[in-house]
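Spelled out, the chains give:
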Amino acid sequence: MLERGLEEKYYILNLGPQHPSTHGVLRVELQMEGEFIVKADPDIGYGHRGHEHMAENRTYLQFLPNLGRVDYLHALAYNQCYCMAVEKLLELKVPERAEFIRVITCELNRIASHLLWIGAYLLDLGAFTPFLYCFDDRENILDLLDRVTGSRLTYCYYRFGGVPRDVDDDFLAGCKAFARRLRSRYRDYENLVNKNVIFLERTKGIGIITPEQCVKYGLTGPMLRGSGIPYDIRKCEPYSVYPLFDFEIPVGSTGDVYDRYMVRYREMEQSLRIIEQAVDRIPAGPIMAEKVPKRIKPAPGEVYVAVEAARGEFGIYLVSQGETAPYRLKLRVPSFGNLSILPEIAVDTLVADLVAILGSIDVVVPEIDR
Amino acid sequence: METKTGEPLIHLGVLEEALNLARANSLWPMTFGLACCAIEMMAAGAARFDLDRFGAGVFRPSPRQCDLMIVAGTISRKMGPAVVRLYEQMPAPKWVIAMGNCAISGGPFYYPDMYAIVPGADLLIPVDVYVPGCPPRPEGLIEGILLLEEKITGRGRLRKFRDVAQ
Amino acid sequence: MLLNDLTQALGRLNLAKVAPGEYHKSGCHLEVEAAPAQMPEVARVMLEQGCFLESLTAVDFPEHFTLVYHFNHFRELCRTVVHVRVPKEAAAPTISHIYPGANWYEREVYDLFGLTFAGHPDLRRILLPFEADFHPLRKKFAPSETPADA
């Protein structure tokens, strides 16, 4: 706890766990001197649901829907990581068409997650119009994914060895139509947000994170790329069929809030490029591996698999002892490490800047609390 | 008019019906998203599934300014006291919608050895409408709000004089 | 090559095991086993080489806990896993003075397993309520309160 001494200069302010910025239930205890923050202490755990304990009490297949609820905004990447971990232990080879379908749906989900982040972040900063525009674009993606997965938000679409349902030509044509539509909206976003004087004043030069801090705190994702380090698991430790596609990694230069915003904004265009290339080159073939065991009982061993989610590196550390349930399943979520830097960069900032910084970290609190 | 906080002290007759109509058509929800269902609540308030056309689009951040609490998401043990405190801070008449399976009964996180969650919002606060789903579609939430309006006014949507079972 | 640099640097520390791992099977390039007292030195070596702490967790076994650290590098892929065997009721040394990011990870391990870290600046619960009196991820665990309590 922060010291509550007899020093009358400081004022303790409680930010959360229920507050208007829609990141979930996060509480930050602020010790303030006037409007400036002296100490910020995040208090997490308000969304703790016991995923890791559930993993030890569930079979591998029964735990699969949980992954969609860990980070519900990019649920397909989390599904993919878990499926990859179990497939590695079972030594299953996923057919190529299934890998293409996984990549297309995962990248669509990434764009949806970034769109929602842009809308919610600008709502934090006080602008309501981008929220409506982003949610409208996001609804188009959700229509596409709803056709093929059956859900709008917490997907559970991948299975061990592939995907359960195939995509049809309407879906592929819809992906291309969506790409055209989103590209036609860039002008609106540029004029509304990227060139907006108030937005630039509130985000440039705020919340600067140096590359050394990135190493010490283990930051990943757009937090890291905003500071200039081009680390993206899709390029640095490629998985699935990402090596077949041609895309760039947007990188910032100063590491401030504006750079992190621009990294996420430009990542949407790169995801569109991946989707278009995948839709053009998707091969015909089976969507499920042959000989997937009915009872999933991987051989004893341990495995660590990481994927690039919208928030950073999501890793699964899975220890199996030959049972039907994992012995230990650790979810390495990106927001946990990303949020731990807040006490350091929040010192000597205004409360309004703290809201901008906290939003730019892109936390999803149920994933921190698991 | 009956709320869960008890019978009113004064019955105002026909004026009460007019008041209930006003309350039902202008619900002010609180932004109380806990987990995944919060996103669907936000989507219900966005442009496609506009909640504002039902009068319920003014999301207020402070509990002292709203009369509807949509519990959207899982209530963890740490969050339980905060939910009760927020409910007590709302002025009467107030209503609660439990949105999503987690708020109804613990949802997918209810299993024999569980330790982390409160299995259902109605263990903490009185709930008026339950909206099932994981997460429920925004249309489901809209249906829940319309059902709540029926409950408040005591009449069907088409204003026919029919019994609405309480 | 980073793998060789790491193997050399860690080889000077007299650890129980420093061996290349099978990446396609386990996801790690280098597998290390260390005693608890050697862990701060290992962390210092990893930081000098520029590695970041990817993950820190514990696994509960009947006779001991195993702390598992994963390190990786931003410029050149080389995942190192470090296994540290800690007897039950013993404390492990903290590495939060070397890697500040480990601060929260160690609090989480304490919260879920009850494993204490000697030298940690602020070892308190992070996920469960502060007044909870159990550690959920210990095996053969029984909840101390019934679920219906609020």
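Let me sum up the structure you'll find in this document. (Residues numbered from 1 in each chain as written. Chains lettered and ligands numbered in written order. Predicted model: local features only at pLDDT ≥ 70, side-chain atom pairs only at ≥ 80, totals over all residues. Heavy atoms only, no water.)

1. A short note on the overall build of chain C
Link 1 in the chain: The helix and strand tally for chain C stands at four helices and seven strands.
Link 2 in the chain: Starting at the N terminus, the α and β elements of chain C follow one another as α-β-α-β-α-β-β-β-β-α-β.
Link 3 in the chain: Restricting to contacts in chain C with at least 6 residues of sequence separation, those with at least 24 account for 49%.
Link 4 in the chain: Carbon and sulfur atoms make up 51% of the accessible area of chain C, which totals about 6300 Å².
Link 5 in the chain: Computed over 14 positive and 19 negative side-chain charges, the separation of the two mean positions in chain C equals 3 Å. (Helix = DSSP H or I, 4+ residues; strand = E, 2+ residues; numbered from the N terminus. Contact = heavy atoms within 4.5 Å. Areas by Shrake-Rupley, 256 points an atom, 1.4 Å probe, with all protein chains shown as cover. Lys, Arg positive; Asp, Glu negative; His and termini not counted. Charge placed at Lys NZ, Arg CZ, Asp CG, Glu CD.)

2. Let's talk about the overall build of chain B
Link 1 in the chain: Looking only at helices and strands, chain B features five helices and six strands.
Link 2 in the chain: In chain B, the order of α-helices and β-strands from amino to carboxyl end is α-β-α-β-β-α-β-α-β-β-α.
Link 3 in the chain: Buried residues in chain B amount to 52% of all 166 residues.
Link 4 in the chain: Sequence-distant contacts, at least 24 apart, represent 73% of the contacts inside chain B between residues at least 6 apart.
Link 5 in the chain: Carbon and sulfur atoms make up 55% of the accessible area of chain B, which totals about 7200 Å². (Buried < 20%, exposed > 50% of the residue type's maximum accessible area, 1.4 Å probe, protein only.)

3. Section: the sheet that holds strand S4 (residues 301–309) of chain A
Across a sheet, paired strands are connected by hydrogen bonds in the backbone, their directions being either parallel or antiparallel.
Residue and element names in this part refer to chain A.
Link 1 in the chain: As summarised here, the arrangement of the three strands in space is S4-S5-S6, forming an open sheet in which the pairing is antiparallel. Every other strand in the sheet has two partners, leaving S4 and strand S6 (328–332) as the edge strands with one partner each. Strand-to-strand twist in this sheet, taken as the mean axis angle between neighbours without regard to direction, amounts to 10 degrees.
Link 2 in the chain: Summarising the sheet, S4 and strand S5 (residues 312–320) pair through nine bridges and their orientation is antiparallel. Following the sheet pairing, Val-303 is matched in S5 by Leu-318. (Pairing = 2+ DSSP bridges. Axes fitted to C-alpha atoms, helices over the stretch in contact; angles between N-to-C directions.)

4. Quick look at the interface of chain A and chain B
Link 1 in the chain: Listed per partner, the contact involves 36 residues of chain A and 35 residues of chain B.
Link 2 in the chain: In this assembly, chain A packs against chain B so that about 3100 Å² is buried in total across both faces, 64% of it on carbon and sulfur atoms.
Link 3 in the chain: Ranking the residues of chain A by area buried against chain B places Gln-18, Arg-49 and Arg-152 of chain A at the top, with a combined share of 22%.
Link 4 in the chain: The tally of links between chain A and chain B comes to five salt bridges.
Link 5 in the chain: Note that Glu-139 of chain A and Arg-48 of chain B form a salt bridge whose closest N and O atoms lie 3.8 Å from each other.
Link 6 in the chain: Our count for the contact surface shared by chain A and chain B stands at 11 residue pairs in polar contact (both at pLDDT 80 or more).
Link 7 in the chain: Going through the elements one at a time, helix H1 (51–56), helix H2 (60–70) and helix H5 (129–149) of chain A are the ones with two or more residues in the side of chain A that touches chain B. (Buried area = accessible area lost by both parts, 1.4 Å probe. Salt bridge = Lys/Arg side-chain N within 4 Å of Asp/Glu carboxyl O. Polar contact = N/O pair within 3.5 Å; in protein donor to acceptor, adjacent residues only side chain to side chain.)

5. Here we look at the nonpolar core
Link 1 in the chain: Core analysis: the biggest nonpolar cluster contains 207 residues, and Leu-67 and Tyr-69 of chain C have the highest contact counts within it.
Link 2 in the chain: Ranked by residue count, the leading element in this core is helix H4 (residues 96–125) of chain A, at 15 residues.
Link 3 in the chain: The contacts of Leu-67 of chain C, once residues within four sequence positions are left out, are Leu-56, Thr-57, Ala-58, Val-82, His-83, Val-84, Val-86, Ala-92, Val-109, Leu-115 and Phe-117 of chain C.
Link 4 in the chain: Among the nonpolar cores identified, the runner-up in size contains 22 residues, and Leu-27, Ile-97, Leu-146 and Ile-152 of chain B belong to it. (Core = buried A, V, L, I, M, F, W, Y, C linked by side-chain atoms within 4.5 Å.)

6. Digging into the pattern of salt bridges
Link 1 in the chain: Under the criterion given, the structure shown has 45 salt bridges over all chains.
Link 2 in the chain: Taking the shortest distance from any N to any O, the salt bridge between Asp-43 of chain A and Lys-78 of chain B comes out at 3.1 Å. Of this pair, Asp-43 of chain A sits in strand S3 (residues 36–43) while Lys-78 of chain B sits in the loop between strand S3 (75–76) and helix H3 (80–89), placing the two residues on different chains. With respect to class, Asp-43 of chain A is no different from Lys-78 of chain B; both count as buried.
Link 3 in the chain: Taking the shortest distance from any N to any O, the salt bridge between Arg-181 of chain A and Asp-136 of chain A comes out at 3.5 Å. Of this pair, Arg-181 of chain A sits in helix H6 (residues 169–194) while Asp-136 of chain A sits in helix H5, and the two are 45 residues apart along the sequence.
Link 4 in the chain: Judged by relative accessible area, Asp-136 of chain A falls into the partly exposed class, the value being 26%.
Link 5 in the chain: If you follow the salt bridges from partner to partner, you end up with Glu-107, Arg-110, Arg-225, Asp-232, Arg-234, Glu-267 and Glu-308 of chain A in one network.

7. Observations regarding the packing of aromatic side chains
Link 1 in the chain: Summed over all chains, the structure comprises 25 aromatic pairs over all chains.
Link 2 in the chain: Seen in terms of ring centroids, Tyr-231 of chain A and Phe-52 of chain C are 5.9 Å apart; in terms of plane orientation they differ by 75 degrees. Their pairing is edge-to-face. Residue Tyr-231 of chain A is located in the loop between helix H9 (222–225) and helix H10 (233–236), and its partner Phe-52 of chain C is located in strand S3 (residues 51–60); the two belong to separate chains.
Link 3 in the chain: A relative accessible area of 2% means that Tyr-231 of chain A is categorised as buried.
Link 4 in the chain: On the basis of relative accessibility, which here comes to 0%, the residue Phe-52 of chain C falls in the buried class.
Link 5 in the chain: What links up through ring pairs into an aromatic cluster is the set Trp-117, Tyr-121, Tyr-186, Phe-199, Tyr-258, Tyr-261 and Tyr-265 of chain A.
Link 6 in the chain: Just above the ring of Phe-135 of chain A sits the side chain of Arg-138 of chain A; from NZ or CZ to the centre is 5.5 Å.
Link 7 in the chain: We note Lys-78 of chain B situated over the ring of Tyr-46 of chain A; from NZ or CZ to the ring centre the distance is 5.0 Å. (Phe/Tyr/Trp six-rings, centres within 6.5 Å; stacked < 30°, edge-to-face > 60°. Lys NZ or Arg CZ within 6 Å of the ring centre and 35° of its normal.)

8. Things to note about the sheet that holds strand S1 (residues 11–15) of chain A
All names here are of chain A.
Link 1 in the chain: One open sheet holds the three strands; their spatial order is S1-S2-S3, and the pairing between them is antiparallel. Edge positions in the sheet fall to S1 and S3, since each of these pairs with one other strand and no more. The average angle at which neighbouring strand axes cross in this sheet is 20 degrees, direction not considered.
Link 2 in the chain: In terms of strand pairing, strand S2 (residues 27–33) meets S3 through seven bridges, oriented antiparallel. Residue pairing across strands places Met-32 opposite Ile-37, the latter belonging to S3.
Link 3 in the chain: In this fold helix H14 (residues 351–361) packs onto S1, S2 and S3, with an angle of close to 150 degrees to the strand it touches most, S2.

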